[in-house]
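A structural walkthrough
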Amino acid sequence: MAAVAKPGRMNAFSTTHDWESADYEPTLPVTEKSNPLTRDIDRASASSIVKMLQACDAQMFQEKSQTEYQRLLSEEIVKTLMEVAERVRLILKDPQDSLVVLSGCGTSGRLAFFMASGFNRELQRLNYAPICSYVIAGGDRALFSSQEAPEDDPTLGALRLKKVSEGKKRVLFIGVSCGLSAPFVAGQLDFCLRHPDVYTPVLVGFNPAHQARNEPLPGCTLTFRSVVTRMEELAKTQKAFLINPALGPEAISGSSRMKGGSATKILLEVVFSASFSRTPVTFNGILQHMRSYKKALDFTYSHSEEIAVLTEAAGRSLQCGRQVCYLGWGSLGLLGLIDASECKPTFGADYEDIRGFVSGGYKELGNNEGDLTLMGPEFSISHDDFLDRVLPRLTDDDTVLLLYSDSDDVDEVAKLAHRVREKTPNIHAAYHQTDGGTAAQQDDINKLCSSTINFTWSQETPKRLQHMRELSTKLLLNAVSTGAHILKGKVFKNYMVDLQVTNSKLYRRAARLLQELSSHSESQSEEALLKAIYQVDKLSEDIMTCSLDTHTHTAGKAKKVVPLALVCLLTGCSIKEAETRLEHQPIVREAVEACLKSS
Ligand code: F6P
């Protein structure tokens, strides 16, 4: 059913600035607020879901209004991007002794890897030495699997940064934390501030500075906010840089992989493209480049009906316990891996529910730690792995999506499409091409696929075109994986109600959500969370005195922690009874609604 405005509630498509008012969820930073546009996303049809995501994504490019918030296209942000681009230019002049390090946790770290690799490839093409490195919390295994715990370790962050930049005389450190919240990144920024002779810190995130997380970092008295305050001071003399426009709340509250990830990609590509160019860095050049991403966004969503068809197919697969596979080529394939890996913490998904595979596997990736296949089945990421391990079990209920462009080996795409089609008709394609040329094999692929989204781009410079296709693919995949989990009932209103509670940020988010949905007190909500984590009806002294780290570590081994806690809170039942209820009603949204009705 489409989202319909209810009397007395905000109309989903007419109040895009509501979240900016001072009394809208005043205790939450922008990245954790719930978006008024998506309140009813859990009850929407696939096509309404895509329209809501489009409206949410469009907020990224909204101009500054009469509020405190900087926006993506604000003058201050564009000027800071110019300054950072000049710093990258300095590094380019001295590649031997200098380095740019991109770092983050979860999707922010995956994008750090994605862009560092892409920028180095581009530099090599332009006959420059590669200058970029990446650090991701949890190491390379976090590139495609969910590893949230290392996000809480500021010392580890600083150590990794120190190691990767050993011996360098000048380092531009770009730390990404969409919520200005990850202790891992705060530790790195603090390390830079303590070694200003070598390191210049840049922070990318999407909350105003005063909304940075203010909880002491594990093991020290610093907070993310205190680090940001020091940076603000140094920013006055360009010894540190803050790039923190507000994008509006995420479509699914707190899901910073969505707009946060897209804007990270946009901002860093704009900076690096400007610094690699042989022409001067200009205000208008940067602004125009940013605006071209808005066009790419509009162009992507001009295919919203086709995106909805795909979302619906993926949703059907998840609803019947089957899987969705992205089979991609080049950077588009890598975006498939990135999209898939975030479903576990966000929706309590299994790694097999949505999986990515990329042509060439680890050879294509060129990651720091090389081939990780032996680490376990989650780390099988090549098309050969798909053919060996997944294809034999594929049924009509699984959904396969091919992701490629006219610069990939379309012959190879056609061959793989034939193999998949022998097992299932539920094969789809998202194909990017440039005006005026369609590969002959494309007709063949179209016939094999039950739906094809054909993105035909007008001529641009090849590099820009690639970046636009990537953003477009990211938006498409975010819509498919988010939409499919919504259709499966993994979202309540616009909250991720079955999130994993595997680090301090997720723990706090879960406790807040329980409080919000149950109307119980903060302490009752946290108690219920702990009972669900430890699977007990009474909290022992031992549990009460355990560290947050122990709680989140234990939560990593449990399933459906938040739904269990919520059912207990709403009905007063025991953990065992809550488990039975959820077994009988595995659709989390419906289980929650049933409890809410009877409470
Ligand atoms: O803790 C997991 C997570 O929320 C991921 O979903 C997200 O990509 C990552 O943290 C990083 O968040 P941030 O960019 O706000 O530090």
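Residues numbered from 1 in each chain as written. Predicted model: local features only at pLDDT ≥ 70, side-chain atom pairs only at ≥ 80, totals over all residues. Heavy atoms only, no water.

The name recorded for the protein in an unreviewed UniProt entry is Glucokinase regulator, from Xiphophorus maculatus.

For the protein, the helix and strand inventory stands at 23 helices and twelve strands. With the C-alpha coordinates of the protein rotated into their principal frame, the extents come out at 65 × 60 × 50 Å. When each of the 599 residues of the protein is scored for burial, the buried share is 60%. Within the protein, contacts between residues separated by at least 24 positions form 75% of all contacts whose residues are at least 6 apart in sequence. With an accessible surface of roughly 23000 Å², the protein has 50% of that area assigned to carbon and sulfur atoms. A distance of 2 Å separates the average location of the 67 positive side-chain charges in the protein from that of its 74 negative side-chain charges. (Helix = DSSP H or I, 4+ residues; strand = E, 2+ residues; numbered from the N terminus. Buried < 20%, exposed > 50% of the residue type's maximum accessible area, 1.4 Å probe, protein only. Contact = heavy atoms within 4.5 Å. Areas by Shrake-Rupley, 256 points an atom, 1.4 Å probe, with all protein chains shown as cover. Lys, Arg positive; Asp, Glu negative; His and termini not counted. Charge placed at Lys NZ, Arg CZ, Asp CG, Glu CD.)

A few words on the side chain of Glu342. Structurally, Glu342 is set in the loop between helix H10 (330-341) and helix H11 (343-347). Apart from residues no more than four positions distant in its own chain, Glu342 is found in contact with Gly106, Thr107, Arg110 and Arg257.

This part covers the nonpolar core. Core analysis: the largest hydrophobic core is formed by 149 residues, its most contacted members being Leu102 and Phe272. Examining the composition of this core, we find that ten residues originate from one element, helix H16 (residues 462-487), more than from any other. Val171, Phe184, Leu189 and Phe191 belong to the second-largest nonpolar core, a separate cluster that totals 30 residues. (Core = buried A, V, L, I, M, F, W, Y, C linked by side-chain atoms within 4.5 Å.)

Right, let's get into the sheet that holds strand E9 (residues 427-434). In any sheet, the strands associate via hydrogen bonds between backbone groups, in a parallel or an antiparallel arrangement. In space, the five strands of this open sheet follow the order E7-E6-E8-E9-E10, with parallel pairing throughout. Unpaired on one side and paired on the other, strand E7 (354-358) and strand E10 (451-457) mark the two borders of the sheet. The sheet shows a mean angle of 15 degrees between the axes of neighbouring strands, taken without regard to direction. Relative to E9, strand E8 (residues 399-405) runs parallel, the two sharing six bridges. Across the sheet, Leu403 pairs through a bridge with Ala430, a residue of E9. Those strands touched by helix H13 (residues 383-390) are strand E6 (324-328) and E7, and its axis lies near 130 degrees from that of E7. (Pairing = 2+ DSSP bridges. Axes fitted to C-alpha atoms, helices over the stretch in contact; angles between N-to-C directions.)

This part covers the packing of aromatic side chains. Under the criterion given, the structure shown has twelve aromatic pairs. Judged by centre distance (6.2 Å) and plane angle (90 degrees), the rings of Phe119 and Phe276 are edge-to-face. Here Phe119 is found in helix H3 (residues 106-125), whereas its partner Phe276 is found in helix H7 (residues 259-276), with 157 residues between them in sequence. Taking relative accessible area as the criterion, Phe276 reaches 7% and is therefore assigned buried. Centroid distance Phe191 to Tyr199: 5.1 Å. Interplanar angle 70 degrees. Geometry classified as edge-to-face. Classification of Phe191 as buried rests on a relative accessible area of 7%. The class for Tyr199 is buried, based on a relative accessible area of 8%. An aromatic cluster of three or more residues is present, and its members are Phe119, Phe272 and Phe276. (Phe/Tyr/Trp six-rings, centres within 6.5 Å; stacked < 30°, edge-to-face > 60°.)

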